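What the coordinates show
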Amino acid sequence: MRRAAPATTALPATSATSGNASIPATSQPDRRNLAIMSECPHVAELPRPEPAPRTHTCPRCEAAGTHHVQLRLCLVCGHVGCCDSSPMRHATAHHLETGHAVMRTLEEGEDWRWCFVDNALV
Ligand SMILES: [Zn+2]
Ligand SMILES: [Zn+2]
Ligand SMILES: [Zn+2]
């Protein structure tokens, strides 16, 4: 003796498929991943004029005998450290140790700043 679907599993079929796949535009996430200059509050806190580089190479690489690839200047205190392509990543280490947020490249011909906290060019 077979019974059809029990009455409890009978779902209303009215709202299942309406035909048009329009997604409400208001469902965008609130998180902003875009690097917009005005979104970084740390740049405004930087000393002006910017601190002069304390050294012309990465002193910790110098001491350890490791090789740096490129150099980064901490715009808070003038610390010079090596970039993330270098084996020791002393610029990032400096940020982790001090909380100093913004550095810039020390490479000739390059002109950009990076905020460690916002993870963005600023
Ligand atoms: Zn920032
Ligand atoms: Zn280094
Ligand atoms: Zn610093």
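Before going into details, it helps to say that this report is about the structure given with it. What you are looking at is a predicted structure, and each value in this text was computed from that prediction instead of being measured.

A few points about the sheet that holds strand β2 (residues 80-82)
Adjacent strands of a sheet pair through backbone hydrogen bonds, lying either parallel or antiparallel. Strand order across the open sheet formed by 5 strands is β2-β1-β3-β4-β5, with antiparallel pairing between neighbours. Unpaired on one side and paired on the other, β2 and β5 (120-121) mark the two borders of the sheet. As judged from the 2 bridges shared by strand β4 (residues 113-115) and β5, these two strands associate in the antiparallel manner. When the sheet's bridge partners are listed, Cys115 is paired in β5 with Ala120.

Remarks on the environment of Gly81
Note on placement: Gly81 falls in strand β2. Those residues within four positions of Gly81 in sequence are excluded, and the remaining contacts are Cys58, Arg72, His90, Ala91, Ala93 and His94.

Topic: unusual backbone geometry
Look at the link from Arg48 to Pro49: it is a cis peptide, with omega at -5°. By the secondary structure assignment, Pro49 is in the segment before α1 (59-64). The phi dihedral of Asn119 is positive, around 55°, even though this residue is not glycine.

A few points about the pairing of strand β1 (residues 71-74)
Of the two faces of β1, the one carrying Leu71 and Leu73 and the one carrying Arg72 and Cys74 are both buried. Here 3 bridges tie β1 to β2, and the two strands are oriented antiparallel to one another. Each bridged residue has a counterpart across the sheet, and for Leu71 the counterpart in β2 is Cys82. Note that β1 and strand β3 (residues 102-105) share 3 bridges and pair antiparallel.

Describing the environment of His79
Tracing the chain through its elements places His79 in the loop between β1 and β2. For the pair His79 and Arg54, spaced 25 residues apart in sequence, the C-alpha separation works out to 5.8 Å. Not counting residues within four places of it along the chain, the set of residues in contact with His79 comprises Arg54, Cys74 and His94.

What about the environment of Val117?
Within the secondary structure, Val117 sits in the loop between β4 and β5. Considering only alpha carbons, one finds Val117 and Val102, 15 residues apart in sequence, at a separation of 8.0 Å. When neighbours within four sequence positions are excluded, Val117 is seen to be in contact with His42 and Ala101.

Considering helix α2 (residues 90-98)
When we look at burial in α2, the residues that qualify are His90, Ala91, His94 and His95. Within α2, the buried residues cover an arc of 150° as seen down the axis, which keeps them to one side. What points out from α2, more than 90 degrees from its buried face, is the exposed set Leu96 and Glu97. Against the buried residues of α2 lie α1, β1, β2 and β3. Looking one or two places after α2, you find Gly99, whose phi comes out positive at around 80°.

A few points about the nonpolar core
Counting residues in each nonpolar core, the largest one holds 18 residues, and the members touching the most others are Leu75, Cys82, Val102, Met103 and Cys115. Listing elements by their share of this core, those giving two or more residues are β1, β2, β3 and β4. The element best represented in this core is β1, accounting for 3 residues. Among residues more than four places away in sequence, those in contact with Cys82 are Cys58, Cys61, His68, Val69, Gln70, Leu71, Met88, Arg89, His90 and Ala91.

Reading guide: rules and limits
- Residues numbered from 1 in each chain as written.
- Chains lettered and ligands numbered in written order.
- Predicted model: local features only at pLDDT ≥ 70, side-chain atom pairs only at ≥ 80, totals over all residues.
- Pairing = 2+ DSSP bridges.
- Helix = DSSP H or I, 4+ residues; strand = E, 2+ residues; numbered from the N terminus.
- Contact = placed C-beta atoms within 7 Å.
- Buried ≥ 20, exposed ≤ 12 C-beta atoms within 10 Å, placed from the backbone.
- Arc of directions from axis to C-beta.
- Core = buried A, V, L, I, M, F, W, Y, C linked by C-beta atoms within 7 Å.

Structural measurements only, silent on function.
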